[in-house]
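Per-entry structural report
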Amino acid sequence: SGYHVAVVGATGAVGTRMLKMVAESKLPIASVLALASKRSEGKTVPFRDGTLTVHETTDDAFKGIDIALFSAGGSVSKRFAPAAVKAGAVVVDNTSAFRMEPDIPLVVPEVNPEALRTHHGIIANPNCSTIQMVTALEPIRKAFGLKQVVVSTYQAVSGAGQSAMNELFDETQAALDDKPLEPKILPTASDKKHYPIAFNALPQIDVFEPDGYSHEEWKMIHETKKIMAGDMNSDAIKVTATCVRIPVPIAHSEEVYFEIEDANATADDIRAALNDAPGVVVQDDPSQQLYPQAMNAVGSKEVFVGRIRPDAENPRFFHMWDVSDNLLKGAAWNSMQIAETMDAMGLIQPK
Ligand code: A2P
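To keep things clear, this report deals only with the structure shown in the data block.

Parameters and conventions
- Residues numbered from 1 in each chain as written.
- Predicted model: local features only at pLDDT ≥ 70, side-chain atom pairs only at ≥ 80, totals over all residues.
- Heavy atoms only, no water.
- Axes fitted to C-alpha atoms, helices over the stretch in contact; angles between N-to-C directions.
- Helix = DSSP H or I, 4+ residues; strand = E, 2+ residues; numbered from the N terminus.
- Parallel < 35°, antiparallel > 145°, perpendicular 65-115°, else oblique.
- Left-handed = near helix turned anticlockwise from the far one by under 90°.
- Contact = heavy atoms within 4.5 Å.
- Pairing = 2+ DSSP bridges.
- Nonpolar A, V, L, I, M, F, W, Y, C, P; charged D, E, K, R; others polar.
- 1 Å grid on protein atoms, 1.4 Å probe; cavity = no way out; pocket = protein on both sides within 12 Å on 5 of 7 lines; lining within 4 Å.
- Points joined across faces, edges and corners; volume = space filled by probe spheres on them.
- Core = buried A, V, L, I, M, F, W, Y, C linked by side-chain atoms within 4.5 Å.
- Buried < 20%, exposed > 50% of the residue type's maximum accessible area, 1.4 Å probe, protein only.
- Expected span 1.5 Å × (residues − 1).
- Bend = angle between axes of the 7 residues up to and from the residue.

Relative orientation of the contacting elements helix α3 (residues 128-144) and helix α6 (residues 267-275) amounts to 120 degrees, with a least axis distance of 9 Å. It follows that α3 is oblique to α6 by the angle criterion. Judged by the twist between their axes, the crossing of α3 over α6 is right-handed. Between α3 and α6, the contacting residues are Ala136, Pro139, Ile140, Ala143 and Phe144 on the first element and Asp269, Ile270, Ala273 and Leu274 on the second.

Okay, here's the thing in C-alpha coordinates:
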(Lines give C-alpha, C1' and ligand atoms only; values in the text may rest on other atoms or scores of the structure.)
Protein backbone atom coordinates (compact mmCIF):
# COMPACT_ATOMS: atom_id res chain seq x y z
CA SER A 1 0.00 0.00 0.00
CA GLY A 2 0.98 3.62 -0.45
CA TYR A 3 -0.05 6.79 -2.24
CA HIS A 4 -1.13 6.85 -5.88
CA VAL A 5 0.34 10.09 -7.23
CA ALA A 6 -0.37 11.94 -10.50
CA VAL A 7 1.83 14.71 -11.91
CA VAL A 8 0.02 16.99 -14.38
CA GLY A 9 2.53 18.76 -16.64
CA ALA A 10 5.02 15.90 -16.24
CA THR A 11 6.99 16.90 -19.36
CA GLY A 12 7.59 20.49 -18.16
CA ALA A 13 10.37 22.25 -16.27
CA VAL A 14 8.53 21.91 -12.95
CA GLY A 15 6.76 18.60 -13.71
CA THR A 16 10.02 16.73 -14.33
CA ARG A 17 11.27 17.99 -10.94
CA MET A 18 7.96 16.97 -9.34
CA LEU A 19 8.62 13.41 -10.52
CA LYS A 20 12.08 13.62 -8.94
CA MET A 21 10.60 14.89 -5.64
CA VAL A 22 8.07 12.00 -5.67
CA ALA A 23 10.94 9.53 -6.24
CA GLU A 24 12.92 11.05 -3.34
CA SER A 25 9.91 11.37 -1.00
CA LYS A 26 9.77 9.69 2.37
CA LEU A 27 6.07 8.95 1.76
CA PRO A 28 5.14 5.41 0.71
CA ILE A 29 4.43 5.63 -3.05
CA ALA A 30 2.29 2.90 -4.65
CA SER A 31 2.16 4.31 -8.20
CA VAL A 32 3.02 7.39 -10.24
CA LEU A 33 1.04 8.64 -13.23
CA ALA A 34 2.67 11.12 -15.65
CA LEU A 35 0.09 13.38 -17.34
CA ALA A 36 0.54 16.15 -19.92
CA SER A 37 -1.23 17.37 -23.06
CA LYS A 38 -2.44 15.15 -25.90
CA ARG A 39 0.75 16.14 -27.79
CA SER A 40 2.85 14.16 -25.31
CA GLU A 41 0.69 10.99 -25.26
CA GLY A 42 3.03 8.00 -25.48
CA LYS A 43 6.27 9.94 -24.85
CA THR A 44 8.38 8.86 -21.90
CA VAL A 45 9.81 10.84 -18.99
CA PRO A 46 12.60 9.70 -16.63
CA PHE A 47 11.52 8.31 -13.27
CA ARG A 48 13.88 6.70 -10.73
CA ASP A 49 16.13 4.41 -12.79
CA GLY A 50 13.59 3.96 -15.57
CA THR A 51 10.88 5.87 -17.40
CA LEU A 52 7.16 6.53 -17.24
CA THR A 53 4.86 6.69 -20.26
CA VAL A 54 3.02 10.00 -20.51
CA HIS A 55 -0.77 10.02 -20.79
CA GLU A 56 -3.21 12.73 -21.81
CA THR A 57 -4.85 14.71 -18.99
CA THR A 58 -8.57 13.89 -18.98
CA ASP A 59 -11.34 13.91 -16.38
CA ASP A 60 -11.11 10.11 -16.15
CA ALA A 61 -7.32 10.05 -15.66
CA PHE A 62 -7.60 10.68 -11.90
CA LYS A 63 -9.42 7.47 -10.96
CA GLY A 64 -7.74 5.98 -7.86
CA ILE A 65 -5.33 8.93 -7.44
CA ASP A 66 -4.63 10.12 -3.86
CA ILE A 67 -2.33 13.08 -4.59
CA ALA A 68 -2.39 15.15 -7.80
CA LEU A 69 0.44 17.65 -8.32
CA PHE A 70 -0.47 20.21 -11.02
CA SER A 71 2.00 22.36 -12.98
CA ALA A 72 0.60 22.72 -16.50
CA GLY A 73 -0.63 26.31 -16.43
CA GLY A 74 -3.61 27.99 -14.78
CA SER A 75 -6.18 27.04 -17.42
CA VAL A 76 -5.31 23.34 -17.14
CA SER A 77 -5.66 23.53 -13.33
CA LYS A 78 -9.02 25.28 -13.59
CA ARG A 79 -10.20 22.71 -16.12
CA PHE A 80 -9.00 19.51 -14.40
CA ALA A 81 -8.42 20.14 -10.66
CA PRO A 82 -12.15 19.78 -9.89
CA ALA A 83 -12.18 16.37 -11.66
CA ALA A 84 -9.19 15.26 -9.59
CA VAL A 85 -10.89 16.34 -6.36
CA LYS A 86 -14.10 14.59 -7.44
CA ALA A 87 -12.09 11.39 -7.94
CA GLY A 88 -10.96 11.66 -4.30
CA ALA A 89 -7.51 13.18 -4.80
CA VAL A 90 -5.96 16.05 -2.90
CA VAL A 91 -4.70 18.59 -5.45
CA VAL A 92 -1.53 20.61 -4.84
CA ASP A 93 -1.66 23.27 -7.54
CA ASN A 94 1.51 25.07 -8.60
CA THR A 95 -0.29 27.64 -10.80
CA SER A 96 -1.88 30.95 -9.80
CA ALA A 97 -5.38 29.62 -10.62
CA PHE A 98 -6.64 29.30 -7.02
CA ARG A 99 -4.10 31.20 -4.90
CA MET A 100 -6.32 34.17 -4.11
CA GLU A 101 -9.49 32.18 -3.34
CA PRO A 102 -10.10 32.99 0.35
CA ASP A 103 -11.10 29.41 1.26
CA ILE A 104 -8.17 27.74 -0.54
CA PRO A 105 -5.03 27.43 1.61
CA LEU A 106 -1.85 28.98 0.19
CA VAL A 107 0.93 27.18 1.99
CA VAL A 108 4.65 27.19 2.64
CA PRO A 109 5.14 24.36 5.18
CA GLU A 110 7.83 26.24 7.16
CA VAL A 111 5.48 29.23 7.54
CA ASN A 112 1.77 28.36 7.72
CA PRO A 113 1.20 24.57 7.83
CA GLU A 114 -1.90 25.03 10.02
CA ALA A 115 -3.73 26.58 7.05
CA LEU A 116 -3.76 23.09 5.51
CA ARG A 117 -6.42 22.00 8.01
CA THR A 118 -9.07 24.15 6.30
CA HIS A 119 -8.63 22.61 2.83
CA HIS A 120 -11.49 21.41 0.62
CA GLY A 121 -9.40 19.28 -1.73
CA ILE A 122 -7.22 21.94 -3.37
CA ILE A 123 -4.09 23.47 -1.84
CA ALA A 124 -2.36 26.29 -3.73
CA ASN A 125 1.42 26.40 -4.01
CA PRO A 126 2.61 30.02 -3.94
CA ASN A 127 4.64 31.83 -6.60
CA CYS A 128 8.32 30.82 -6.62
CA SER A 129 9.65 34.27 -5.70
CA THR A 130 7.15 34.54 -2.82
CA ILE A 131 8.03 31.11 -1.39
CA GLN A 132 11.75 31.71 -0.95
CA MET A 133 11.20 35.18 0.51
CA VAL A 134 8.62 34.15 3.14
CA THR A 135 10.70 31.10 4.12
CA ALA A 136 13.53 33.50 5.00
CA LEU A 137 11.29 36.21 6.52
CA GLU A 138 9.12 34.02 8.79
CA PRO A 139 11.88 33.25 11.36
CA ILE A 140 12.61 36.99 11.46
CA ARG A 141 8.92 37.86 11.89
CA LYS A 142 8.58 35.29 14.70
CA ALA A 143 11.60 36.52 16.63
CA PHE A 144 11.52 40.28 16.04
CA GLY A 145 8.18 41.24 14.43
CA LEU A 146 7.95 42.36 10.80
CA LYS A 147 6.48 45.70 9.72
CA GLN A 148 7.35 46.11 6.05
CA VAL A 149 9.19 44.57 3.14
CA VAL A 150 10.66 46.06 -0.05
CA VAL A 151 11.88 43.30 -2.38
CA SER A 152 13.74 43.47 -5.69
CA THR A 153 14.06 40.17 -7.55
CA TYR A 154 16.63 38.77 -9.95
CA GLN A 155 14.64 35.90 -11.43
CA ALA A 156 15.74 32.93 -13.53
CA VAL A 157 14.15 32.24 -16.92
CA SER A 158 13.00 28.71 -15.99
CA GLY A 159 10.17 30.38 -14.06
CA ALA A 160 8.64 30.95 -17.50
CA GLY A 161 8.98 27.26 -18.41
CA GLN A 162 11.28 24.94 -20.30
CA SER A 163 10.80 26.84 -23.58
CA ALA A 164 11.97 30.11 -21.97
CA MET A 165 15.08 28.33 -20.72
CA ASN A 166 15.72 27.12 -24.29
CA GLU A 167 15.22 30.70 -25.52
CA LEU A 168 18.00 31.93 -23.20
CA PHE A 169 20.41 29.23 -24.45
CA ASP A 170 19.54 29.81 -28.15
CA GLU A 171 19.88 33.60 -27.85
CA THR A 172 23.17 33.36 -25.98
CA GLN A 173 24.57 31.09 -28.69
CA ALA A 174 23.20 33.35 -31.44
CA ALA A 175 24.70 36.47 -29.81
CA LEU A 176 28.12 34.83 -29.52
CA ASP A 177 27.86 33.70 -33.15
CA ASP A 178 26.91 37.26 -34.18
CA LYS A 179 23.55 36.06 -35.46
CA PRO A 180 20.20 37.88 -35.02
CA LEU A 181 18.28 37.24 -31.79
CA GLU A 182 14.68 36.21 -32.32
CA PRO A 183 12.87 36.44 -28.98
CA LYS A 184 9.45 34.76 -29.07
CA ILE A 185 8.53 34.14 -25.42
CA LEU A 186 10.14 36.49 -22.90
CA PRO A 187 9.39 38.69 -21.10
CA THR A 188 6.10 36.78 -21.20
CA ALA A 189 4.35 34.67 -23.81
CA SER A 190 1.07 36.41 -23.03
CA ASP A 191 2.15 39.95 -23.97
CA LYS A 192 2.49 41.54 -27.44
CA LYS A 193 6.21 42.38 -27.61
CA HIS A 194 9.17 40.11 -26.99
CA TYR A 195 12.69 41.19 -26.03
CA PRO A 196 16.01 39.33 -25.80
CA ILE A 197 16.96 37.97 -22.38
CA ALA A 198 20.55 37.02 -23.32
CA PHE A 199 22.96 39.68 -22.00
CA ASN A 200 19.94 41.68 -20.81
CA ALA A 201 17.72 42.38 -17.77
CA LEU A 202 13.96 42.74 -18.21
CA PRO A 203 11.90 44.56 -15.55
CA GLN A 204 8.74 42.72 -16.64
CA ILE A 205 7.56 39.35 -15.34
CA ASP A 206 4.02 38.45 -16.44
CA VAL A 207 1.74 41.20 -17.82
CA PHE A 208 1.27 44.72 -16.42
CA GLU A 209 -1.73 45.96 -14.46
CA PRO A 210 -3.13 49.43 -15.25
CA ASP A 211 -1.41 50.72 -12.07
CA GLY A 212 2.04 50.09 -13.58
CA TYR A 213 2.89 47.06 -11.44
CA SER A 214 3.42 43.71 -13.12
CA HIS A 215 1.22 40.77 -12.22
CA GLU A 216 4.26 39.05 -10.67
CA GLU A 217 4.80 42.05 -8.37
CA TRP A 218 1.18 41.91 -7.19
CA LYS A 219 1.50 38.14 -6.68
CA MET A 220 4.44 38.75 -4.31
CA ILE A 221 2.48 41.41 -2.41
CA HIS A 222 -0.84 39.58 -2.04
CA GLU A 223 0.63 36.12 -1.50
CA THR A 224 3.08 37.31 1.18
CA LYS A 225 0.20 38.92 3.10
CA LYS A 226 -2.01 35.82 2.75
CA ILE A 227 0.76 33.43 3.87
CA MET A 228 2.25 35.52 6.70
CA ALA A 229 -0.82 37.48 7.89
CA GLY A 230 -3.73 35.24 6.81
CA ASP A 231 -5.35 37.69 4.37
CA MET A 232 -4.20 38.89 0.92
CA ASN A 233 -5.23 42.47 1.82
CA SER A 234 -3.88 42.50 5.38
CA ASP A 235 -2.16 45.72 6.45
CA ALA A 236 -0.28 43.93 9.25
CA ILE A 237 2.77 43.71 6.95
CA LYS A 238 3.43 46.29 4.23
CA VAL A 239 4.93 44.78 1.07
CA THR A 240 6.13 46.15 -2.25
CA ALA A 241 8.06 44.41 -5.03
CA THR A 242 10.00 45.02 -8.23
CA CYS A 243 10.44 41.86 -10.29
CA VAL A 244 13.23 41.53 -12.86
CA ARG A 245 14.15 38.67 -15.19
CA ILE A 246 17.89 38.09 -15.64
CA PRO A 247 19.80 35.71 -17.94
CA VAL A 248 20.19 32.91 -15.38
CA PRO A 249 18.66 29.50 -16.23
CA ILE A 250 17.72 28.29 -12.73
CA ALA A 251 17.52 29.84 -9.20
CA HIS A 252 16.01 33.17 -8.21
CA SER A 253 17.91 35.79 -6.19
CA GLU A 254 16.26 38.54 -4.13
CA GLU A 255 17.40 41.67 -2.31
CA VAL A 256 15.01 42.04 0.62
CA TYR A 257 14.85 45.34 2.53
CA PHE A 258 12.73 44.95 5.64
CA GLU A 259 11.69 46.70 8.85
CA ILE A 260 11.34 44.81 12.12
CA GLU A 261 9.49 45.86 15.30
CA ASP A 262 12.26 45.05 17.77
CA ALA A 263 14.46 48.14 18.21
CA ASN A 264 17.30 46.18 19.86
CA ALA A 265 17.82 43.32 17.39
CA THR A 266 21.16 43.26 15.57
CA ALA A 267 22.26 41.63 12.32
CA ASP A 268 23.87 38.89 14.48
CA ASP A 269 20.49 38.25 16.16
CA ILE A 270 18.85 37.92 12.75
CA ARG A 271 21.63 35.60 11.57
CA ALA A 272 21.13 33.44 14.69
CA ALA A 273 17.35 33.26 14.13
CA LEU A 274 17.90 32.21 10.51
CA ASN A 275 20.53 29.64 11.54
CA ASP A 276 17.93 27.88 13.68
CA ALA A 277 15.18 28.06 11.03
CA PRO A 278 13.91 25.07 9.05
CA GLY A 279 14.64 25.11 5.31
CA VAL A 280 17.12 28.01 5.59
CA VAL A 281 20.91 27.92 5.22
CA VAL A 282 22.90 31.02 6.21
CA GLN A 283 25.89 31.74 3.95
CA ASP A 284 27.12 35.07 5.23
CA ASP A 285 30.77 36.00 5.65
CA PRO A 286 31.88 38.97 3.54
CA SER A 287 35.46 38.61 4.88
CA GLN A 288 35.57 35.26 3.05
CA GLN A 289 33.45 36.51 0.11
CA LEU A 290 30.81 34.03 1.25
CA TYR A 291 27.27 34.79 0.05
CA PRO A 292 24.51 32.83 -1.72
CA GLN A 293 24.86 32.44 -5.48
CA ALA A 294 22.21 31.27 -7.94
CA MET A 295 24.60 28.79 -9.56
CA ASN A 296 25.32 27.09 -6.22
CA ALA A 297 21.65 26.80 -5.22
CA VAL A 298 20.61 24.72 -8.25
CA GLY A 299 19.44 21.26 -7.16
CA SER A 300 19.09 22.16 -3.45
CA LYS A 301 15.80 22.30 -1.56
CA GLU A 302 16.85 25.04 0.88
CA VAL A 303 16.68 28.83 0.80
CA PHE A 304 20.17 30.36 1.14
CA VAL A 305 20.53 33.71 2.92
CA GLY A 306 23.45 36.11 3.22
CA ARG A 307 24.51 39.78 3.05
CA ILE A 308 22.53 40.34 6.28
CA ARG A 309 23.25 43.89 7.41
CA PRO A 310 21.53 46.84 9.06
CA ASP A 311 20.53 49.77 6.90
CA ALA A 312 23.00 52.58 7.47
CA GLU A 313 20.33 55.30 7.77
CA ASN A 314 17.09 53.79 9.02
CA PRO A 315 16.90 52.15 12.46
CA ARG A 316 15.12 48.75 12.57
CA PHE A 317 15.66 48.33 8.79
CA PHE A 318 17.86 45.53 7.43
CA HIS A 319 18.92 44.08 4.10
CA MET A 320 19.41 40.46 3.10
CA TRP A 321 20.06 38.48 -0.08
CA ASP A 322 18.13 35.22 -0.53
CA VAL A 323 18.63 32.61 -3.24
CA SER A 324 16.80 29.36 -4.00
CA ASP A 325 16.16 26.88 -6.80
CA ASN A 326 12.88 28.25 -8.22
CA LEU A 327 11.96 24.84 -9.67
CA LEU A 328 12.45 23.04 -6.32
CA LYS A 329 11.60 25.09 -3.19
CA GLY A 330 9.84 27.55 -5.50
CA ALA A 331 7.70 24.84 -7.10
CA ALA A 332 8.20 21.05 -7.15
CA TRP A 333 9.70 20.61 -3.67
CA ASN A 334 7.25 22.96 -1.93
CA SER A 335 4.37 21.04 -3.58
CA MET A 336 5.68 17.63 -2.48
CA GLN A 337 6.54 19.07 0.94
CA ILE A 338 2.87 20.14 1.26
CA ALA A 339 1.80 16.54 0.58
CA GLU A 340 4.35 15.22 3.11
CA THR A 341 3.18 17.77 5.69
CA MET A 342 -0.47 16.79 5.15
CA ASP A 343 0.49 13.15 5.68
CA ALA A 344 2.38 14.01 8.88
CA MET A 345 -0.63 16.05 10.13
CA GLY A 346 -2.99 13.14 9.40
CA LEU A 347 -4.86 15.15 6.76
CA ILE A 348 -4.31 12.57 4.02
CA GLN A 349 -3.71 8.85 4.00
CA PRO A 350 -3.31 6.24 1.26
CA LYS A 351 -6.63 4.72 0.14
P1 A2P B 1 3.17 19.11 -23.12
O2 A2P B 1 4.63 18.80 -23.08
O3 A2P B 1 2.35 17.94 -23.55
O4 A2P B 1 2.83 20.39 -23.86
P5 A2P B 1 6.57 24.25 -18.98
O6 A2P B 1 6.10 24.99 -17.75
O7 A2P B 1 7.97 23.77 -18.86
O8 A2P B 1 6.32 25.03 -20.24
O9 A2P B 1 5.65 22.94 -19.07
C10 A2P B 1 4.25 23.00 -19.24
C11 A2P B 1 3.64 21.63 -18.97
O12 A2P B 1 2.21 21.76 -19.08
C13 A2P B 1 4.07 20.57 -19.94
O14 A2P B 1 4.20 19.34 -19.28
C15 A2P B 1 2.90 20.54 -20.91
O16 A2P B 1 2.72 19.31 -21.58
C17 A2P B 1 1.75 20.74 -19.95
N18 A2P B 1 0.53 21.17 -20.66
C19 A2P B 1 0.37 22.21 -21.50
N20 A2P B 1 -0.89 22.27 -21.97
C21 A2P B 1 -1.57 21.23 -21.42
C22 A2P B 1 -2.90 20.74 -21.50
N23 A2P B 1 -3.83 21.32 -22.25
N24 A2P B 1 -3.23 19.63 -20.78
C25 A2P B 1 -2.29 19.03 -20.00
N26 A2P B 1 -1.03 19.44 -19.89
C27 A2P B 1 -0.65 20.53 -20.58
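Adjacent strands of a sheet pair through backbone hydrogen bonds, lying either parallel or antiparallel. What the seven strands build is an open sheet, ordered β3-β4-β2-β1-β5-β6-β7; its pairing is mixed. What marks the edges here is a single partner per strand, and that holds for β3 (44-47) and β7 (122-124). Taking the axes of each pair of neighbouring strands and ignoring which way they run, one obtains an average angle of 30 degrees across the sheet. Note that strand β6 (residues 90-93) and β7 share three bridges and pair parallel. Its bridge partner lying in β7, Val92 is registered against Ile123.

What follows is about the packing of α3 against helix α8 (residues 328-344). Running from N to C, α3 and α8 point in directions that differ by 85 degrees, and their axes come no closer than 8 Å. The angle between α3 and α8 places the two elements in the roughly perpendicular class. Listed contacts from α8 to Cys128, Ile131 and Thr135 of α3 are Lys329, Gly330 and Asn334. Its residues assigned to classes, the contact of α3 with α8 shows two nonpolar, three polar and one charged.

If a probe as big as a water molecule is rolled over the atoms, it shows which places are left empty. Computed from the structure, the largest pocket encloses a volume of approximately 1,200 Å³. Lining the largest pocket we find 46 residues, and of these Ala72, Gly73, Gly159, Ala160 and Gly161 sit closest to its centre. Secondary-structure elements contributing two or more residues to the lining of the largest pocket are α1 (13-24), α2 (74-86), α4 (162-176), α5 (215-229) and α8. Counted by class, the lining of the largest pocket contains 17 nonpolar, 23 polar and six charged residues. In this structure, the second largest pocket encloses a volume near 180 Å³. Per-class residue counts for the lining of the second largest pocket are seven nonpolar, three polar and three charged.

Membership of the largest hydrophobic core comes to 56 residues, with the highest contact counts inside it found for Phe62, Leu137, Phe258 and Met320. Each residue touching Leu137, except ones within four places of it in the same chain, is listed here: Leu146, Val149, Met228, Val256, Phe258 and Met320. Ranked by size, the runner-up nonpolar core spans 45 residues in total, among them Val7, Val22, Leu27 and Val54.

Here we come to α8. With 17 residues, α8 extends only 20 Å from end C-alpha to end C-alpha; this falls clearly short of the ideal 24 Å at 1.5 Å per step. Along its length, α8 reaches its greatest deviation from straightness, about 45 degrees, at Asn334. Buried residues dominate α8, accounting for 15 of its 17 residues. Backbone geometry just downstream of α8 places Gly346 in the positive-phi region, at approximately 75 degrees.

With 15 residues, α5 extends 20 Å between its outermost C-alpha atoms, agreeing within 8% with the 21 Å of an ideal straight helix rising 1.5 Å per residue. Most of α5 sits out of view: twelve of its 15 residues are buried. Taken together, the buried positions of α5 are Glu216, Glu217, Lys219, Met220, Ile221, His222, Glu223, Thr224, Lys225, Lys226, Ile227 and Met228. One or two positions beyond α5, positive phi appears at Gly230, with a value near 85 degrees.

Another aspect to go through is the sheet that holds strand β10 (residues 252-260). Strand order in the open sheet formed by six strands is β9-β8-β10-β13-β12-β11, and the pairing between neighbours is mixed. Lying at the two open borders of the sheet, with one neighbouring strand each, are β9 (238-245) and β11 (280-282). The mean angle between the axes of side-by-side strands here comes to 25 degrees, regardless of whether they run parallel or antiparallel. The sheet contact formed by strand β12 (residues 303-310) and strand β13 (residues 317-324) spans six bridges and is antiparallel. Across the sheet, the residue bridging to Phe304 is Val323, located in β13.

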